[in-house]
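One-letter residues, chain by chain:
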Amino acid sequence: EVMITLVRDESRKLRLYDLYFEAMRAGHAGQALDLDGLGDVVPAVVESGDTDQLERRVLATHRLKTAAPAGALARMGAVAGGGTDAQIEAVGRFFEALGLAFQIVDDVLNLRGFKGNLKQRAEDLSNGIVTLPVAKALSRLPLEGRRQLWALLQSKPTDPVVLSGMVETIESVGALAACVDQARDLVESAWAAADPLLEDSIPKVMLRAFGWYILERHY
């Protein structure tokens, strides 16, 4: 509201409203997909080992729930700051990449553990949630391994020994490393596109550092 009152140009003010409602719509759609889950997709994936659709579904939820609202809010700031169309879009796409990377890293930390035990380790597995690491693991495991992982996930295990075994399985096939690489690629590609469009400044350095923080955070 404060941002909108500071903008005098009516066309820019209208654009701020459009971006605000875009963020609201995306966030609600993402939350709905998150609540709906992926149980309808996984059985076929377990049998085939083809996780392309499953990974796209996971990323779509992350994109709508976190990345799209982050991108819309970043665009609002760029609009209010008088940015060009190219700058507004570049900043928006960078924050979309940050939002998506944040969620991917969060999925990884949930299994590897948060610094200071901020959250319960493997909580997603206990809740039976199909995260990106699980999806990537299903693409790398043999048929029996996929069936076993899916059966354990459906049981919503709470036994620490069982959970540790599941995490070890997911880690051992390189699923967590693949997620980290994907998050880094998203951020670096988006920055490479934004960098030449933004004038050198302290805020620009802060944006770049924020991207590194998203990738390296441990909590």
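Just so we're clear, the structure is a prediction, and the values are computed from it rather than from any experiment.

**Describing the nonpolar core**
Moving on, step 1. Counting residues in each nonpolar core, the largest one holds 50 residues, and the members touching the most others are Val42, Leu54, Leu125, Val130, Leu138 and Ile170.
Moving on, step 2. For this core, the secondary-structure elements that each account for two or more residues are α3 (42-48), α4 (52-80), α5 (85-112), α7 (132-140), α8 (143-154), α9 (160-172), α10 (175-194) and α11 (202-216).
Moving on, step 3. For this core, the element with the most residues is α5, which contributes 13 residues.
Moving on, step 4. By size, the runner-up hydrophobic cluster in this structure holds 7 residues, among which are Leu16, Leu19, Ala78 and Ile88.

**Regarding the side chain of threonine 51**
Moving on, step 1. By the element assignment, threonine 51 lies in the loop between α3 and α4.
Moving on, step 2. Owing to a relative accessible area of 3%, threonine 51 belongs among the buried residues under this scheme.
Moving on, step 3. Those residues in contact with threonine 51 that sit more than four places away from it in its chain are Val45, Ala135, Leu138 and Ser139.

**Side note on helix α2 (residues 10-36)**
Moving on, step 1. Here α2 spans 39 Å end to end across 27 residues, near enough to the 39 Å set by a 1.5 Å rise per residue.
Moving on, step 2. By the burial criterion, the buried members of α2 are Leu16, Leu19, Ala23, Ala26, Gly27 and Gly30.
Moving on, step 3. Looking at the residues trailing α2, positive phi occurs at glycine 37, about 80°.

**A word on the packing of aromatic side chains**
Moving on, step 1. Scanning all chains against the criterion turns up 5 aromatic pairs.
Moving on, step 2. Relative to tyrosine 213, the ring of phenylalanine 210 has its centre 6.2 Å away and its plane inclined at 15°; by these criteria the two rings are stacked. Note that phenylalanine 210 and tyrosine 213 are positioned in helix α11 at a spacing of 3 residues, about one turn of the helix.
Moving on, step 3. Taken together, the aromatic side chains of Phe94, Phe95, Trp191, Phe210 and Tyr213 make up a single cluster linked through ring pairs.
Moving on, step 4. Lying across the ring of phenylalanine 102, arginine 217 places its NZ or CZ 3.8 Å from the centre.

Rules used throughout
Residues numbered from 1 in each chain as written. Predicted model: local features only at pLDDT ≥ 70, side-chain atom pairs only at ≥ 80, totals over all residues. Heavy atoms only, no water. Core = buried A, V, L, I, M, F, W, Y, C linked by side-chain atoms within 4.5 Å. Buried < 20%, exposed > 50% of the residue type's maximum accessible area, 1.4 Å probe, protein only. Helix = DSSP H or I, 4+ residues; strand = E, 2+ residues; numbered from the N terminus. Contact = heavy atoms within 4.5 Å. Expected span 1.5 Å × (residues − 1). Phe/Tyr/Trp six-rings, centres within 6.5 Å; stacked < 30°, edge-to-face > 60°. Lys NZ or Arg CZ within 6 Å of the ring centre and 35° of its normal.

None of this, on its own, says anything about what the molecule does.
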